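# Report on the structure
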Amino acid sequence: MPVRTTRALGALLLAALAFLAAACGGGGDPLASQPQAPAAGDTIRVGSANFTENRLLAEIYATALSIRGIKVERQFGIGSRETYFPGLRDGSIDLVPDYTGNLLQYLDTNATATAPADVYAQVQQKLPPNLKVLEASPAEDKDAVVVTRAFATQNNLTSLDQIGPLCGNIVFGGPPEFQTRPYGIPGIQKSYGCTFKEFRSLDAGGPLTVAALRDGSVQAADLFTTDTSIPNNDFVILADPKSNFAAQQVVPLINASKLSNPAVADVLNLISQKMDTATLTDLNKRLDAPDKPDPAQVARDWLSSAGIG
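Residues numbered from 1 in each chain as written. Predicted model: local features only at pLDDT ≥ 70, side-chain atom pairs only at ≥ 80, totals over all residues. Heavy atoms only, no water.

## A short note on the overall build of the chain
Applied cut-off: Secondary structure follows DSSP: runs of H or I at least 4 residues long count as helices, runs of E at least 2 residues long count as strands, and numbering of each begins at the N terminus. Relative accessibility decides the category of a residue: with a 1.4 Å probe and only protein chains considered, values under 20% of the type maximum give buried, values over 50% give exposed, and everything between is partly exposed. Contacts between residues were defined by any pair of non-hydrogen atoms, one from each residue, lying within 4.5 Å.
Secondary structure assignment for the chain yields 12 helices and 10 strands. Every one of the 309 residues in the chain was classed for burial, and the buried ones make up 48%. Long-range pairs, those at least 24 residues apart, make up 73% of the contacts in the chain between residues at least 6 apart in sequence.

## Considering the environment of Leu-57
Relative to the helices and strands, Leu-57 resides in helix H2 (residues 52–67). Considered as a pair, Leu-57 and Val-96 are 39 residues apart in the sequence and their alpha carbons are 8.6 Å apart. In this structure, Leu-57 is in contact with Pro-97, Tyr-99, Val-250, Met-275 and Leu-280, ignoring residues within four places of it in sequence.

## What about the pattern of salt bridges?
The following threshold applies: For this analysis, a salt bridge means a side-chain nitrogen from Lys or Arg found within 4 Å of a carboxyl oxygen belonging to Asp or Glu.
Enumeration over the complete set of coordinates arrives at nine salt bridges. Where Asp-94 meets Arg-45, a salt bridge forms, and the shortest distance between an N and an O atom there is 3.0 Å. Taken together, the residues Asp-94 in the loop between helix H3 (81–90) and strand E3 (95–99) and Arg-45 in strand E1 (residues 44–47) connect sequence positions 49 residues apart. Among the residues examined, Asp-94 registers a relative accessible area of 1% and is labelled buried. Overall, Arg-45 belongs to the partly exposed group, its relative accessible area being 25%. In this structure, the salt-bridge partner of Arg-200 is Glu-198, at a minimum N-O distance of 3.3 Å. Look at Glu-198 and you get partly exposed, because its relative accessible area is 34%.

## Focus on the state of the cysteines
Note the threshold: Only a pair of cysteine sulfur atoms within 2.5 Å qualifies as a disulfide here.
Summed over all chains, the structure comprises one disulfide. In this model Cys-167 forms its disulfide with Cys-194; the gap between the sulfur atoms is 1.8 Å. Judged by the torsion about the S-S bond (-115°), the Cys-167/Cys-194 disulfide is left-handed. Here Cys-167, found in the loop between helix H6 (149–154) and strand E6 (171–174), pairs with Cys-194, found in the loop between helix H7 (185–192) and strand E7 (198–201); they are 27 residues apart in sequence, far enough to count as distant.

## Description of the sheet that holds strand E8 (residues 220–224)
Our working definition: DSSP calls a pair of strands paired once it identifies at least 2 bridges connecting them.
Spatial strand order, E7-E6-E8-E5-E9: five strands in an open sheet with mixed pairing. The outermost strands of the open sheet, each flanked by one partner alone, are E7 and strand E9 (236–237). Sheet topology places E6 next to E8; two bridges connect them, and they run parallel. Bridge pairing links Gly-173 to Ala-221 in E8.

## A look at unusual backbone geometry
The phi torsion at Asn-156 lies on the positive side, around 50°, for a residue other than glycine. Of the residues examined, Asn-156 reaches a relative accessible area of 63% and is grouped as exposed. For Asp-234, which is not glycine, the phi torsion reads 55° and is therefore positive. Relative to the helices and strands, Asp-234 resides in the loop between helix H9 (229–232) and E9. With relative accessibility at 38%, the residue Asp-234 sits in the partly exposed group.

## Some points on helix H5 (residues 116–126)
Selection criterion: Arc, as used here, means the arc of the directions from the helix axis to the C-beta atoms.
Taken together, the buried positions of H5 are Val-119, Tyr-120 and Val-123. Buried residues of H5 fall within an arc of 95° about the axis and therefore sit on the same side. Counted as exposed and oriented over 90 degrees from the buried face of H5: Ala-117 and Gln-125. Buried-residue contacts for H5 involve helix H4 (100–107), strand E4 (131–133) and strand E10 (250–255).

## With respect to the pairing of strand E5 (residues 143–147)
The element E5 is largely enclosed, with a buried count of five among its five residues. The alternating pattern of E5 places Asp-143, Val-145 and Val-147 on one face and Ala-144 and Val-146 on the opposite face, and all of these are buried. Relative to E8, E5 is paired through four bridges, and the arrangement is antiparallel. Bridged to Asp-143 within E8 is Phe-224. The sheet contact formed by E5 and E9 spans two bridges and is antiparallel. Within E9, the residue paired with Val-147 across the bridge is Val-236.

## Overview of the layout of surface pockets
This is how the line gets drawn: In the cavity and pocket records, a cavity denotes points on a 1 Å grid over the protein atoms alone where a 1.4 Å probe fits but cannot get out, a pocket denotes an open set with protein on both sides within 12 Å along at least 5 of 7 lines, and lining residues are residues with an atom within 4 Å of a point. Grid points are joined across faces, edges and corners, and a volume is the space filled by probe spheres set on the points. Polarity classes work like this: nonpolar for Ala, Val, Leu, Ile, Met, Phe, Trp, Tyr, Cys and Pro, charged for Asp, Glu, Lys and Arg, and polar for all others, with Gly in that last group.
Taken as a whole, the largest pocket holds about 450 Å³ of empty space. Residue lining of the largest pocket: 20 residues in total, with Thr-52, Glu-53, Gly-205, Asp-227 and Asp-288 positioned closest to the centre. Mapped by element, the contributors of at least two residues to the lining of the largest pocket are H2, helix H8 (207–215) and helix H11 (277–287). In the lining of the largest pocket, the residues fall into seven nonpolar, eight polar and five charged.

Shown next, in the form of structure tokens:
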């Protein structure tokens, strides 16, 4: 037999043996059923707004996607919706946790829907074609007008429909965007006839707002209903009988091009199904604990407890 033929047969035999070894060995690989990591171009850039809860939700999304073998980049703390939404549209970020009611108001300042299903349906209709919302979570975090217990007691105040006569003496505190967003100062003025003495630009549900309420430099402020500073400081949430603040379900907002891998929607929808308001509030409490745990660890712990990670 010619040397050339012998070498060719040998090469074929070696290739066949290698194939058989790989096939036989694959059955014991615990990662064999996991999706393969996508190419670099399929990286999902996960962004967040610049407040603690939203960063945590973004970390939960990013960690869960990574567990499924999907490559992620984190771009947290981008800022308000006015900053991160253009990034979603131009593709510089791919995924953020958002809140349905405020997202709808951003998309359509004339939107009037307040019920959860109506808000979600209108968000779907009004998003640009390259963006999609996945399943909405039962978890909800709404803006709320908050006052101190002393101020509420002194003025017999429990609801926004009682605030009108007091507005001329109230300094209101909140994030800069609250001054112009339709559900913010304009919405309160429209729904409840309230023109505040002054608006003080602070932060989004953060320490500046809490401190200003506590020291009396503002008499009312915008905080989020899952914020642990409310029970911790015995603040009072004023009722919103005219639904100025619409339903605010947590929802993944994603670039549609990133849904070609079905594992992406599967894991994000599973997170939405497992998360509810009580759970979200508890996660916020954990982040606010004296030991200030690492948000990434809090995310991993919750994913594990929920059977996702």
